[in-house]
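The chain contents come next:
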Amino acid sequence: MHQIIYTLVDAESEEEALEQATVTFDRLVGARLDERPVFDYYVTFDDEDAAVAGKSRWGERPVAAPVDSHEGARLLKRGWDATVAEFERNLEKVDEALEEMTVAEMMHDKALVRHACNNIGSFRGPSLFLYDSHRNGIRNRSHLDRILSSADSLWIVPADVHY
């Protein structure tokens, strides 16, 4: 499966933002031996050669954008809205299961309830769409607000990931 994720980095230029974001994305796909991958691979939107990911899958996207720009604010909203929607979807699945299923059915993971519980508690992976520069998923609004208020020149960089 493919999805677009975003990382927030403190940078002075688009080039520097992409460079820093690449480090984060590399860590999310386990490019370093000491990193546990949560995605199979990624493609940033400056890659002209990818045949099934990035621009070829999603169309034109900015390579990087200052968060305080119109385009950057739009990307940030997309990432945050997707995070909230996925959290609510998983929470609804768990809530329905608690009302309708027996403990034994939930233990056997009928309707993928345990998977939904795992997604609710995830710190990285497909249920999160925004990441900080340390590869931590941004799971709540206070984390996002801390990042937004802590950087002098904050950029947002999208990537198409496969999992």
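Small disclaimer: the values here were computed from a predicted structure and weren't measured. (Residues numbered from 1 in each chain as written. Predicted model: local features only at pLDDT ≥ 70, side-chain atom pairs only at ≥ 80, totals over all residues. Heavy atoms only, no water.)

J.: How should the overall build of the protein be read in this particular structure?
T.: Looking only at helices and strands, the protein features six helices and five strands. Starting at the N terminus and ending at the C terminus, the protein contains elements arranged as β-α-β-α-β-α-α-α-β-α-β. For a compact globule of 163 residues, the expected C-alpha radius of gyration is about 15 Å, and the protein comes in at 17 Å, within 12% of that figure. Structurally, the protein occupies a C-alpha span of about 55 × 35 × 35 Å along its principal axes. Counting across all 163 residues of the protein, residues that qualify as buried make up 44%. Counted over contacts in the protein with a minimum sequence separation of 6, partners at least 24 positions apart contribute 63%. A distance of 5 Å separates the average location of the 18 positive side-chain charges in the protein from that of its 31 negative side-chain charges. (Helix = DSSP H or I, 4+ residues; strand = E, 2+ residues; numbered from the N terminus. Rg over C-alpha atoms; globule rule 2.2 N^0.38 Å. Buried < 20%, exposed > 50% of the residue type's maximum accessible area, 1.4 Å probe, protein only. Contact = heavy atoms within 4.5 Å. Lys, Arg positive; Asp, Glu negative; His and termini not counted. Charge placed at Lys NZ, Arg CZ, Asp CG, Glu CD.)

J.: Help me understand the environment of Val43 in this model?
T.: One can find Val43 in strand S2 (residues 41-44). Judged by relative accessible area, Val43 falls into the buried class, the value being 8%. For the pair formed by Val43 and Ala11, sequence separation is 32 residues and the distance between their alpha carbons is 20 Å. With residues near it in sequence (within four places) discarded, Val43 still touches Ala50, Ala53, Gly54, Ala159 and Asp160.

J.: How should I be thinking about the nonpolar core in this particular structure?
T.: A general feature of soluble globular proteins is that nonpolar side chains tend to end up buried together. Ranked by internal contacts, the top residues of the largest apolar core, which has 19 residues, are Ile5, Ala17, Phe25, Phe39 and Val157. Taken together, the elements giving at least two residues each to this core come down to strand S1 (2-10), helix H1 (14-28) and strand S5 (154-162). When residues of this core are assigned to their parent elements, the largest contribution, five residues, is made by H1. Among residues more than four places away in sequence, those in contact with Phe39 are Ile5, Leu28, Val29, Gly125, Pro126, Tyr131, Val161, His162 and Tyr163. Core analysis: the second largest hydrophobic core is formed by 16 residues, Leu76, Trp80, Leu130 and Ile138 among them. (Core = buried A, V, L, I, M, F, W, Y, C linked by side-chain atoms within 4.5 Å.)

J.: I would appreciate a short explanation of the side chain of Glu86 in the present structure.
T.: Structurally, Glu86 can be placed in helix H3 (residues 70-100). According to the relative accessible area criterion, Glu86 is buried, its value standing at 16%. Apart from residues lying up to four places away in sequence, Glu86 is in contact with Asn119, Ser127 and Phe129.

J.: Looking at this structure, I do not really get the pairing of S5. What am I missing?
T.: Regular strands show a simple pattern: their side chains alternate between the two faces of the sheet. Along S5, eight of the nine residues are buried, which leaves the element largely enclosed by surrounding structure. The pairing of S1 with S5 spans nine bridges and is classified as antiparallel. Considered in S5, the bridge of His2 is made with His162. As defined by bridge partners, S2 adjoins S5 across four bridges and the pair is classed as antiparallel. Bridge assignment links Val43 to a residue of S5, and that residue is Asp160. (Pairing = 2+ DSSP bridges.)

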